[in-house]
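The primary structure of each chain is shown beneath.
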Amino acid sequence: GWQKGTLLLAYQSFGVVYGDLCISPVYVYKNTFSGKLRLHEEDEEILGVLSLVFWSLTLVPLLKYIILVLGADDNGEGGTFALYSLMCRRSRMGLLNSLHAGHGSVSSYNQDEPCKETRSSLAIRGFFEKHHSLRVVLLLFVLMGTSMVIGDGVLTPTMSVLSAVSGLRIKFPELHENYTVLLACVVLVGLFALQHYGTRRVGFLFAPILLSWLACIGGIGIYNIFRWNPTVVRALSPYYIYNFFRKAGRDGWSSLGGIVLCITGAEAMFADLGHFSKLSLRLGFTIVVYPCLVLAYMGEAAYLSKHREDLQSSFYKALPDRVFWPVLFIATLATAVGSQAIISATFSIISQCRALGCFPRIKVVHTSSHVHGQIYIPEVNWTLMSLCLAVTIGFRDTEMIGNAYGLAVILVMFATTCLMFLVITTVWNRSVLWAALFAAGFGSMELLYLSACLAKVPHGGWLPLLLSLATLLVMSAWHYGTAKKQEYELQNKVCLDHFIGLSSGMGLLRVPGVGFVYSDSVAGVPPMFAHFVTNFPAFHRVLVFVSLQTLTVPKVPPEERFLVGRIGRPEHRMFRCVVRYGYKEGRWDHFNFEDQLLVKVLEFLQLQQADGDGERCSTGSGEMSVIPAAPSQAVVDALASMSSGEIEYYAGGGAKKVRFEELPAAWRREETMSEVRELLEEREAGVSYMIGHTCVFAHESSSAVKKFAVNVVYGFLRRNSRRPAVVLGIPHTSLIEVGMVYRV
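Residues numbered from 1 in each chain as written. Predicted model: local features only at pLDDT ≥ 70, side-chain atom pairs only at ≥ 80, totals over all residues. Heavy atoms only, no water.

1. With respect to the overall build of the protein
Helix and strand counts for the protein come out as 29 helices and 11 strands. Burial status across the protein gives 58% buried among its 744 residues. Nonlocal contacts in the protein, meaning residues at least 24 apart in sequence, comprise 82% of its contacts between residues at least 6 apart. A total accessible area of about 29400 Å² is found for the protein, and carbon and sulfur atoms account for 63% of it. (Helix = DSSP H or I, 4+ residues; strand = E, 2+ residues; numbered from the N terminus. Buried < 20%, exposed > 50% of the residue type's maximum accessible area, 1.4 Å probe, protein only. Contact = heavy atoms within 4.5 Å. Areas by Shrake-Rupley, 256 points an atom, 1.4 Å probe, with all protein chains shown as cover.)

2. What to know about the side chain of glutamate 446
Position of glutamate 446 relative to the elements: it lies in helix 20 (residues 432-454). A polar side-chain atom of glutamate 446 sits 2.8 Å from a polar atom in the side chain of lysine 64. Within the local environment of glutamate 446, its side chain forms a polar contact with the side chain of threonine 417, the two groups lying 2.7 Å apart. Not counting residues within four places of it along the chain, the set of residues in contact with glutamate 446 comprises Lys64, Ile410, Met413, Phe414 and Thr417. (Polar contact = N/O pair within 3.5 Å; in protein donor to acceptor, adjacent residues only side chain to side chain.)

3. Quick notes on a nonpolar patch on the surface
On the surface, a nonpolar cluster with roughly 260 Å² of combined accessible area is contributed by Leu8, Tyr11 and Phe204. The residue leucine 8 is located in helix 1 (residues 2-16) in this model. Taking the relative accessible area as the measure of exposure, leucine 8 reaches 47% and is therefore partly exposed. (Patch = residues over 30% accessible without salt bridge, like charges linked within 9 Å, V, L, I, M, F, W, Y side chains within 5 Å. Salt bridge = Lys/Arg side-chain N within 4 Å of Asp/Glu carboxyl O.)

4. What about the sheet that holds strand 3 (residues 509-518)?
One open sheet accounts for 7 strands, arranged 7-5-6-4-3-10-11; its pairing is mixed. The outermost strands of the open sheet, each flanked by one partner alone, are strand 7 (625-627) and strand 11 (735-743). Strand-to-strand twist of the sheet, defined as the mean angle between neighbouring strand axes without regard to direction, takes the value 30°. Examined bridge by bridge, strand 10 (residues 687-697) and strand 11 share 9 bridges and lie parallel to one another. Looking across to strand 11, one finds that glycine 692 is bridged to valine 738. (Pairing = 2+ DSSP bridges. Axes fitted to C-alpha atoms, helices over the stretch in contact; angles between N-to-C directions.)

5. Here we look at the environment of leucine 407
With respect to the helices and strands, leucine 407 occurs in helix 19 (residues 398-427). Accessibility expressed as a relative area gives 0% for leucine 407, which makes it buried. Taking the C-alpha atoms as reference points, leucine 407 and glycine 460, separated by 53 residues in sequence, lie 9.5 Å from one another. The contacts of leucine 407, once residues within four sequence positions are left out, are Leu450, Cys453, Leu454, Val457, Gly461, Pro464 and Leu465.

6. Some details on the packing of helix 4 (residues 44-68) against helix 15 (residues 278-306)
Two numbers describe how helix 4 lies on helix 15: the axes approach to 10 Å, and their chain directions differ by 170°. Here helix 4 lies roughly antiparallel to helix 15, going by the angle between them. Residue-level inspection shows Ile46, Leu50, Val53, Phe54, Leu57, Thr58, Pro61, Leu62, Ile66 and Ile67 of helix 4 in contact with helix 15, the latter providing Leu281, Arg282, Phe285, Thr286, Tyr290, Leu293, Val294, Tyr297, Met298, Ala301, Leu304 and Ser305. (Parallel < 35°, antiparallel > 145°, perpendicular 65-115°, else oblique.)

7. Side note on unusual backbone geometry
Its identity as a non-glycine residue notwithstanding, arginine 396 has a phi of 60°, on the positive side. Looking at the secondary structure, you find arginine 396 in the loop between helix 18 (378-395) and helix 19. Here arginine 396 falls in the partly exposed class, since its relative accessible area comes to 30%. Its identity is not glycine, yet asparagine 429 carries a phi of approximately 50°, on the positive side. Tracing the backbone shows asparagine 429 in the loop between helix 19 and helix 20. A relative accessible area of 9% means that asparagine 429 is categorised as buried.

8. Let's talk about the packing of helix 21 (residues 462-491) against helix 28 (residues 704-720)
With their axes 9 Å apart at the nearest point, helix 21 and helix 28 run at an angle of 100° to one another. What the angle tells us is that helix 21 and helix 28 run roughly perpendicular. Contacts between helix 21 and helix 28 involve Val474, Ala477, Trp478, Tyr480, Gly481, Thr482, Lys484 and Lys485 from the former and Lys706, Ala709, Val710, Val713, Tyr714, Leu717 and Arg718 from the latter. A class-by-class count of the residues in the contact of helix 21 with helix 28 yields 9 nonpolar, 2 polar and 4 charged. (Nonpolar A, V, L, I, M, F, W, Y, C, P; charged D, E, K, R; others polar.)

9. A closer look at the pairing of strand 5 (residues 562-567)
Along any regular strand the residues' side chains alternate between the sheet's two faces. Most of strand 5 is tucked away, with 6 of its 6 residues classed as buried. The side-chain alternation of strand 5 yields two buried faces, one formed by Phe562, Val564 and Arg566 and the other by Leu563, Gly565 and Ile567. Pairing geometry for strand 5 and strand 6 (residues 574-582), over 6 bridges, is antiparallel. Bridging from a neighbouring strand, glycine 565 pairs with arginine 576 of strand 6.

10. Regarding the state of the cysteines
One pass over the structure, following the stated rule, counts 0 disulfides. Left without a disulfide partner, cysteine 22 is nearest to the cysteine sulfur of cysteine 292, which lies 8.1 Å away. On the accessibility criterion, cysteine 22 (0% relative accessible area) is buried. (Disulfide = S-S within 2.5 Å.)

11. Some thoughts on the side chain of threonine 146
Tracing the backbone through its elements, the reader meets threonine 146 in helix 8 (residues 132-165). For threonine 146, a relative accessible area of 1% puts it in the buried group. Other than its neighbours up to four places away in sequence, threonine 146 contacts Thr80, Phe81, Ile349, Cys353 and Met475.

12. Some points on the environment of lysine 64
In this fold, lysine 64 is placed in helix 4. Overall, lysine 64 belongs to the buried group, its relative accessible area being 0%. Distance from lysine 64 to phenylalanine 442, taken between C-alpha atoms, is 7.7 Å for residues 378 residues apart in sequence. When neighbours within four sequence positions are excluded, lysine 64 is seen to be in contact with Leu59, Val69, Met413, Thr416, Thr417, Phe438, Phe442 and Glu446.

Structure, rendered in structure tokens:
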């Protein structure tokens, strides 16, 4: 059974994950030899480049990613953010978990069995926990890696589609480049227009294309090796790398910026892990992808060693005439597939950032009812498309785009290496020696590539830097603003006893109905509600304070999602409910949220009554209870037997609508009975929602930088992102917004 499932996943993964890696043969040699690196008479350069390509492929995608980094997943999620949230959970090195040290822990927090802590891991942890600035730098570093992936999302489609289409100019040399650019734009628009169908359909559609592409390049590679120069096999020995640098010197170093392109897309394999399983990725890569790629590069080198004049378009020139058109066609399709990998990765990364409060609220569409990770974000999709078209039309030249692309790719890889160092020491608690080996081995190689790419910043390398700086500005400003806002709410929350005393003194009216008050605070009365009551002394007879939390785990099990507690004495009829989500989960994938909440409150009353400790809980603003996923029988009976009205709730798997007659004998105790009946009656009277409409300003005394970040950037983002009420799916007619000004 599991074998079949794994193979199916491995098959699907061809459509989504490796596309990016497999397209590289189209442009690697072309970009590598575009600079000063011209060929001398001997084969040294070609063999040196082939050797570099082979070892890069072996060390980075195979050894680093497939074998080592895939092991550092976060409950099946991959990507830079997953590494960061692993560290946040294990230690106080993160900035994100400090906001949500909430009630009770979630089982997936504790499921990794703790290993023995080493002295060094404690030392590194302590160092980070002592210095706040280091934690800020770490978060910025993670956000930089993330924003570089988003930069990749612009460059990958452009680069690969343009390279594929430019093959036309070999058969029609007189074709003006405007036509190839136009064709590339058409393909790009088509690719982005397909996105709203979702990953799974796209994956099934794309896998056969990619497999046939791999078969093509592998087969043609074998043909070229035997036809032109079987001796290229000796380039597998690293001696040729040394020889290459000895011969080519500085030009050899600057050509590394082109060689880096053969490992693009290794990061996408890790970021897309959430859609597949580790085993399926490992199988697909080692058995199919890796051998085909090596053969393709070897075949092309064999052809080049006999045809030095064809350097500029070696990939297409090396094709035997009979297969030229089919391969060009498949190449164009395959580049579209390759771009798919990074587009999916961009969507899933942006939705993680949004959930952890590092990205403005945007619309996220879940395209698959089974797999949570498969999403589509319209705004991001169209932004990416317009950026892609702009780059294609603006640069036109694959060489400049290649420079930009190499830099973006290598920066992401370097970020992953640094984070892995921290993961190996603080999460896996291995000795610093192993971590240092990992970081030094891969880091030194990546730094070498990085230095070559940085030299090309003036020639197109500035583009990803600019893109990722813009993204970084948006993300860090949003995170900073949100953190300041929550800090303000924490400092200004009203103490419960004070509030209850106040309400009895003011001659408060309790109007019929149920009021849901949404806020971020998990304790006390949110300042917004206190502000409302002091100006307008009336509120509903039943009051539920709701706060939604995103934890730094990918998914929260449904039976641990709801926490319900009572505020004050039973006659106050005030409850608090905390709803917890993982960063990979969409909110509001369930209907009729308020009915579900009410059912949870009923459950809570039932639980209290079953424990027979109504007295104990009623004294303080008691401890919270975790409410199980499926309603208990008593509540189902109660709902089934009330007189009028309907409530939708989950039972087992489906939703049931029930009508009410009178209550079952299960609830003998008077208080609980009357309370339950009252709750249901108030629900009939009507439901309204209260939410804060806050304006956040920096304090007059704050520095200019802070004023700019909070007032200008954060203010602009808040005005232009979706309103919280829309995100929460609150019906507009029963919404009360309370205006507040926060001076942070």
